[in-house]
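The lines below spell out each chain.
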Amino acid sequence: MFKRIAVTNRSLCSAGLEEQVEKICKERLCEALILREKDLSEQDYLGLAMTIKAVCNEYGVDFICNNMPSVAEKLGCKMQLSYQSFLEQNWERDTYVWVSVHTVEEAVNAEKLGANALIAGHIFMTDCKKGLAPRGLDFLKDICRAVSIPVFAIGGIDDSNSEAVKLAGAQGECRMSWYMRY
């Protein structure tokens, strides 16, 4: 099954983040959600995570913490880390960890070091990475061929290019702007 992953950014929401998450979960627009609110302190992130996780639980959407291993441990949920954080942070080895990668070498190494899934990007042009050229579908195909764990594409994905991501071998897609502005 091709999975759709929502990635949060409360600054993109016209409504509040909780309302936006409830809307996309209730409409079954995604199977998982990554709470990616990088500007929050750990305590503020924990409070928000508890609220958003409750909404996700209500609708059967998998909840994933971004870059907060202690919060993921407290909430007993999956975790998503940047490649550098994955290498540096002390995280419980039995925690399900998604790792963001930007090269085939990072992907192979992350798998070797225990990552359970990868987020590869950015695939297409995106406002979130202004000025940076996208890595493209060939990059995604190379990552998918190089590892045996699930690979999820991110960056500029919408309804017009989602099928191409699937055909490149990804097990799913991550979208931020699309979900936060839905």
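Residues numbered from 1 in each chain as written. Predicted model: local features only at pLDDT ≥ 70, side-chain atom pairs only at ≥ 80, totals over all residues. Heavy atoms only, no water.

**Regarding the sheet that holds strand β5 (residues 97–101)**
What the eight strands build is a closed barrel, ordered β1-β2-β3-β4-β5-β6-β7-β8; its pairing is parallel. Looking at each pair of strands side by side, their axes are set apart by 25° on average, direction ignored. One ladder, built from four bridges, connects strand β2 (residues 32–35) with strand β3 (residues 62–66); its direction is parallel. Residue pairing in the sheet places L35 in a bridge with C65 of β3. (Pairing = 2+ DSSP bridges. Helix = DSSP H or I, 4+ residues; strand = E, 2+ residues; numbered from the N terminus. Axes fitted to C-alpha atoms, helices over the stretch in contact; angles between N-to-C directions.)

**Focus on the pairing of β3**
Counted residue by residue, β3 has four buried out of five residues, so it is predominantly covered. For the handedness criterion, the β-α-β arrangement of β2, helix α2 (residues 42–59) and β3 is classed as right-handed. The sheet contact formed by β3 and strand β4 (residues 78–82) spans three bridges and is parallel. The partner of N66 across the bridge, within β4, is Q80. The parallel pair β3 and β4 is bridged by helix α3 (residues 69–75), and the resulting crossover is right-handed. (Buried < 20%, exposed > 50% of the residue type's maximum accessible area, 1.4 Å probe, protein only. Right-handed = clockwise from strand over helix to strand, strands pointing away.)

**As for the state of the cysteines**
As enumerated under the stated definition, the model contains zero disulfides in all. You can see C128 has no disulfide; the closest cysteine sulfur is in C13, sitting 12 Å from it. Left without a disulfide partner, C174 is nearest to the cysteine sulfur of C30, which lies 11 Å away. (Disulfide = S-S within 2.5 Å.)

**Quick notes on the side chain of H122**
Its place among the elements puts H122 in the loop between β6 (117–121) and α6 (136–146). When sequence neighbours within four positions are dropped, the list of residues in contact with H122 reads K129, L132, A133, P134, R135, G136, I154 and G155. (Contact = heavy atoms within 4.5 Å.)

**Re the layout of surface pockets**
If you add up the space inside the largest pocket, you get close to 630 Å³. What lines the largest pocket is a set of 31 residues, among which R36, C128, K129, I154 and M176 lie closest to the centre. Among the elements of the structure, β4, β6, β8 (172–175) and α8 (177–180) are those that each provide at least two residues to the lining of the largest pocket. Top contributing element to the lining of the largest pocket by residue count: β4, with three residues. A per-class count over the lining of the largest pocket returns 12 nonpolar, 12 polar and seven charged. (1 Å grid on protein atoms, 1.4 Å probe; cavity = no way out; pocket = protein on both sides within 12 Å on 5 of 7 lines; lining within 4 Å. Points joined across faces, edges and corners; volume = space filled by probe spheres on them. Nonpolar A, V, L, I, M, F, W, Y, C, P; charged D, E, K, R; others polar.)

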